[in-house]
Amino acid sequence: MRYISTRGQAPELTFGEAMLTGLARDGGLYVPAQIPQWSHDDIKALAGLSYEDVAYRVMQPFCGETFSDAELKEAIAKAYAGFGHAARAPIKQLAPNHFLLELFHGPTLAFKDFAMQIIGQLFQIALAKEGRKITIVGATSGDTGSAAIEAFRGLDNVDVFILFPHGRVSDVQRRQMTTPIEDNVHALALDGDFDDCQGKLKDMFNHFEFRDAVGLAGVNSINWARVLAQVVYYFTAAVTLGAPDRKISFTVPTGNFGDIFAGYIAKSMGLPIDQLVIATNQNDILHRCLTTGRYEMDGVKASISPSMDIQISSNFERALFMAYGQDGAAVTQLMDELKTTGGFTVSQGALEALREIYASGRVSEDQTSAQIKDELVRSGELLCPHSAIGVHVADQHLGAVPMVTLATAHPAKFPDAVEAATGIRPALPERMGDLFDRPERVTRVPNDLSALEALIQERRRV
Ligand SMILES: *Cc1c(COP(=O)(O)O)cnc(C)c1O
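Right, let's walk through the structure included here. Quick caveat: nothing in here was measured; it's all calculated off a predicted structure.

## Regarding the pattern of salt bridges
Line of reasoning, step 1. In the structure shown here, the tally under the stated rule is 27 salt bridges.
Line of reasoning, step 2. When the shortest N-O distance is used, the salt bridge between Glu-440 and Arg-174 registers 2.8 Å. With Glu-440 in the loop between α18 (415–422) and β15 (443–445) and Arg-174 in helix α7 (residues 171–178), this pair connects stretches of sequence that are 266 residues apart.
Line of reasoning, step 3. Taking relative accessible area as the criterion, Glu-440 reaches 34% and is therefore assigned partly exposed.
Line of reasoning, step 4. For Arg-174, a relative accessible area of 24% puts it in the partly exposed group.
Line of reasoning, step 5. Residue Arg-425 pairs with Glu-419 through a salt bridge whose shortest N-O separation is 2.7 Å.
Line of reasoning, step 6. Salt bridges here are not isolated pairs; linked through shared partners, they connect Asp-171, Arg-174, Arg-175 and Glu-440.

Here is the structure:
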């Protein structure tokens, strides 16, 4: 399987190359040149298999040239062994024909563990083969950083540095980043906000001398390997509820569009997905775009669902590439316009193609809190704010087809918002109960590129 860039100007790569590269050299994102097609019988054969077995079958056609069957199976087994639920992604029923897919049983209690845990294993195998070492630097507003640290802690060929905005992540999020004891893990609290963290990261990638000297690599949500790992749970959920013999719909709390794009890939492979619904918070650039055809930046408003507080949605570029019939030149033009003018208008044909696949809804802060409170009465479930946004939008799209809402984080990861809505402070799962007793290890860093680069050079284990 070859991977092509959404901007059409970068070399085609293998899965392994695309995984280690992240962003394409023309600024685009990698997508598979063709999507494997599964028959009704292929999908039916997934019934009753373990999560790991389904993961192997779904991922193998995409990465089989890079990893042997034994390597892939072992990576998958290790990736999900630390999850706190035997089903990995269990389903609960909320209401007639409405189901919740719980994606928060991984080590950091958010769905990002599904992808990050497996890419930690795959990076390790790929690097060992090539005798290479890399330095992963990531910027996080909370969930990505802890998921990356959990995935890469203790691995031989990788140092991981995570930049987070000092004083602006929740206590649980911070402690998940600062309490791991392995010496390849480095939590850096930057004096600035999330945009400053992302800006410094970008500057490091553009400073080629530094980039090459430390073997800089990224694991942010545009990495194709992350999208691929998320395709798996669309299959396990749909098959559990009767696919391929009946259609299933999904609603996905969405920020950078990685999770919902994985649903699109599942659908393109042949999974009978009826509706694929984007749920946004008040940062609703995706909902506005689907509604009006105009994609326009509007500043970020801080919300009680911070993992969805985005100004632009980076993986949406992949959806545009598909909607424009894989026309890299057209996508390049849109992205240039976004950069220079802060927005663009989607062509009528592409907008119709997007609306064929995706529906959307937006949820206000008050509606999010009300949904958390009402859900406790309706089904007894305590939802995190992101999941509540999904459930709220899904309720507006219910019909004859079973609806699955993705629950993207555990309520205990956002205890303040949940307590404000319900009066109940959600407890951490038993296995993480001592998080607040573990010692923290963190370095405060100034918002200064050369100081940061010097620190990384000095700390990484060569
Ligand atoms: C990252 C995240 C999201 C958004 O996922 P995308 O793939 O960026 O759309 C939603 N909820 C939670 C809890 C997250 O951590």
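## What to know about the site of the ligand
Line of reasoning, step 1. Taken together, the neighbourhood of the ligand is formed by 15 residues, with Lys-112, Asp-143, Gly-255, Asn-256 and Thr-408 sitting nearest.
Line of reasoning, step 2. At a separation of 2.7 Å, an oxygen atom of the ligand approaches a polar side-chain atom of Asp-143.
Line of reasoning, step 3. Residue Gly-255 places a main-chain N or O atom 2.8 Å away from an oxygen atom belonging to the ligand.
Line of reasoning, step 4. Considered on its own, the ligand offers 380 Å² of accessible surface; in the complex 96% of this is hidden by protein.
Line of reasoning, step 5. Residue classes in the shell around the ligand are distributed as five nonpolar, seven polar and three charged.

## Overview of the sheet that holds strand β3 (residues 91–95)
Line of reasoning, step 1. With respect to topology, six strands assemble into an open sheet ordered β3-β4-β14-β9-β10-β13, the strand pairing being mixed. On the outer flanks of this sheet lie β3 and β13 (358–362), each paired with one strand and no other. On average, each strand axis in the sheet is tilted by 25° relative to the strand beside it, whichever way the strands run.
Line of reasoning, step 2. Looking at chain direction, strand β9 (residues 248–253) and strand β14 (residues 403–407) are connected through three bridges and run parallel. Within the sheet, the bridge partner assigned to Ser-249 lies in β14 and is Met-403.
Line of reasoning, step 3. Strand contacts of helix α15 (residues 348–357): β10 (273–280) and β13, with the helix running at about 80° to β13, the strand carrying the most contacts.

## Comments concerning the packing of helix α4 (residues 69–81) against helix α5 (residues 112–130)
Line of reasoning, step 1. One can describe the packing of α4 onto α5 by two numbers: an axis separation of 8 Å at closest approach and a directional angle of 140°. The orientation of α4 with respect to α5, classified from their angle, is oblique. The handedness of the crossing between α4 and α5 is right-handed. Between α4, through Glu-71, Leu-72, Ala-75, Ile-76, Lys-78, Ala-79 and Tyr-80, and α5, the contact on the second element is made entirely by Phe-114, Gln-117, Ile-118, Gln-121, Leu-122, Ile-125 and Lys-129.
Line of reasoning, step 2. For the contact of α4 with α5, a count of residues per class yields nine nonpolar, two polar and three charged.

## With respect to the packing of helix α3 (residues 51–63) against α4
Line of reasoning, step 1. With their axes 10 Å apart at the nearest point, α3 and α4 run at an angle of 135° to one another. With respect to their mutual orientation, α3 and α4 come out oblique. Like other packed secondary-structure pairs, α3 and α4 cross with a definite hand, here right-handed. Between α3 and α4, the contacting residues are Tyr-51, Glu-52, Ala-55, Tyr-56, Met-59, Gln-60 and Cys-63 on the first element and Asp-69, Leu-72, Lys-73, Ile-76, Ala-77 and Tyr-80 on the second.
Line of reasoning, step 2. Residues belonging to the contact of α3 with α4 are distributed by class as follows: nine nonpolar, one polar and three charged.

## What to know about the sheet that holds strand β6 (residues 158–165)
Consider a sheet: its strands pair through backbone hydrogen bonds, and that pairing is either parallel or antiparallel.
Line of reasoning, step 1. Within the open sheet, the five strands sit side by side as β8-β5-β6-β7-β15. Their pairing is parallel. Of all strands in the sheet, those with a lone pairing partner are β8 (216–217) and β15, marking the two edges.
Line of reasoning, step 2. Across six bridges, the pairing between β6 and strand β7 (residues 185–190) is parallel. Bridge pairing in β7 links Phe-164 to Ala-189.
Line of reasoning, step 3. Sheet strands in contact with helix α6 (residues 143–152) are β5 (134–139), β6 and β7, and its direction is about 165° off that of β6.

## Remarks on the environment of Asp-203
Line of reasoning, step 1. As for its placement among the helices and strands, Asp-203 is situated in helix α8 (residues 194–206).
Line of reasoning, step 2. Sequence separation between Asp-203 and Leu-449 is 246 residues; the distance between their C-alpha atoms is 7.5 Å.

## Observations regarding the packing of aromatic side chains
Line of reasoning, step 1. Evaluated as defined, the whole model comprises 20 aromatic pairs.
Line of reasoning, step 2. A ring pair is formed by Tyr-3 and Trp-224, whose centres lie 5.9 Å apart and whose planes are at 45°; its orientation type is tilted. Here Tyr-3 is found in strand β1 (residues 3–5), whereas its partner Trp-224 is found in helix α10 (residues 224–240), with 221 residues between them in sequence. One exposure class covers both Tyr-3 and Trp-224, and it is buried.
Line of reasoning, step 3. Ring geometry for Tyr-51 against Tyr-80: centres 5.3 Å apart, planes inclined by 75°, an arrangement best described as edge-to-face. Note that Tyr-51 is positioned in helix α3 and Tyr-80 in helix α4, a separation of 29 residues in sequence. Taken as a pair, Tyr-51 and Tyr-80 share a single burial class, namely buried.

## Quick notes on the pairing of β9
Line of reasoning, step 1. Here β9 lies mainly inside the structure; six of its six residues are buried.
Line of reasoning, step 2. Where β9 lies against β10, five bridges are found, and the strand directions are parallel. Within β10, the position partnered with Phe-250 by the bridge is Leu-276.
Line of reasoning, step 3. Read from β9 through helix α11 (residues 258–269) to β10, the crossover connection turns out right-handed.

What counts as what
Residues numbered from 1 in each chain as written. Predicted model: local features only at pLDDT ≥ 70, side-chain atom pairs only at ≥ 80, totals over all residues. Heavy atoms only, no water. Salt bridge = Lys/Arg side-chain N within 4 Å of Asp/Glu carboxyl O. Helix = DSSP H or I, 4+ residues; strand = E, 2+ residues; numbered from the N terminus. Buried < 20%, exposed > 50% of the residue type's maximum accessible area, 1.4 Å probe, protein only. Near = heavy atom within 4 Å. Polar contact = N/O pair within 3.5 Å; in protein donor to acceptor, adjacent residues only side chain to side chain. Areas by Shrake-Rupley, 256 points an atom, 1.4 Å probe, with all protein chains shown as cover. Nonpolar A, V, L, I, M, F, W, Y, C, P; charged D, E, K, R; others polar. Pairing = 2+ DSSP bridges. Axes fitted to C-alpha atoms, helices over the stretch in contact; angles between N-to-C directions. Contact = heavy atoms within 4.5 Å. Parallel < 35°, antiparallel > 145°, perpendicular 65-115°, else oblique. Left-handed = near helix turned anticlockwise from the far one by under 90°. Phe/Tyr/Trp six-rings, centres within 6.5 Å; stacked < 30°, edge-to-face > 60°. Right-handed = clockwise from strand over helix to strand, strands pointing away.

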